[in-house]
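# Residue-level structural notes
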Amino acid sequence: MTTDYLRLLDRYDVPWVQLRTAHPGRVVYQDDVQVVAVPFEYPAAWPLTQRGI
């Protein structure tokens, strides 16, 4: 579900990050293959890698 949103962000040069973790934070969307979450702490708890820049 988020793939189309990420393509839109890329089209308009809006930075976003991808993170793989066992502790995602507050989950705001989830399906069988992906999770979108807001971190409990930022940036200390999440080792982020920038994408789409």
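Everything numeric here is computed off the predicted structure, so don't read it as measured data.

## Concerning the overall build of the protein
- Counting secondary structure elements, the protein contains one helix and four strands.
- Ordered by position from the N terminus, the helices and strands of the protein form the series α-β-β-β-β.
- Of the contacts formed within the protein by residues at least 6 apart in sequence, a portion of 43% connects residues at least 24 apart.
- Just so you have it, the protein exposes about 4,600 Å², and 54% of that area is on carbon and sulfur atoms.

## Topic: the confidence of the model for the protein
- Across the protein, pLDDT averages 76, with 75% of residues at or above 70.
- The secondary-structure element of the protein with the lowest mean pLDDT is strand β4 (residues 49-51), recorded at 57, while helix α1 (residues 3-11) shows the highest, at 90.

## Notes on a nonpolar patch on the surface
- Taken together, the side chains of L8, Y12 and V14 define a hydrophobic patch exposed on the protein surface, amounting to about 290 Å² of accessible area.
- Topologically, L8 is positioned in helix α1.

## Considering the pairing of strand β3 (residues 35-38)
- In terms of strand pairing, strand β2 (residues 26-30) meets β3 through four bridges, oriented antiparallel. When the bridges of β3 are listed, Q30 appears paired with V35.
- Linking β2 to β3, which pair antiparallel, is a turn of four residues.

## Notes on the environment of E41
- Tracing the backbone through its elements, the reader meets E41 in the loop between β3 and β4.
- Look at E41 and you get partly exposed, because its relative accessible area is 48%.
- Residues E41 and G25, 16 residues apart in the sequence, show an inter-C-alpha distance of 8.0 Å.

## Considerations on the environment of L19
- Structurally, L19 can be placed in the loop between β1 (16-18) and β2.
- Residues L19 and V35, 16 residues apart in the sequence, show an inter-C-alpha distance of 9.9 Å.

Criteria and cut-off values
Residues numbered from 1 in each chain as written. Predicted model: local features only at pLDDT ≥ 70, side-chain atom pairs only at ≥ 80, totals over all residues. Heavy atoms only, no water. Helix = DSSP H or I, 4+ residues; strand = E, 2+ residues; numbered from the N terminus. Contact = heavy atoms within 4.5 Å. Areas by Shrake-Rupley, 256 points an atom, 1.4 Å probe, with all protein chains shown as cover. pLDDT = per-residue confidence, 0-100. Patch = residues over 30% accessible without salt bridge, like charges linked within 9 Å, V, L, I, M, F, W, Y side chains within 5 Å. Salt bridge = Lys/Arg side-chain N within 4 Å of Asp/Glu carboxyl O. Pairing = 2+ DSSP bridges. Buried < 20%, exposed > 50% of the residue type's maximum accessible area, 1.4 Å probe, protein only.

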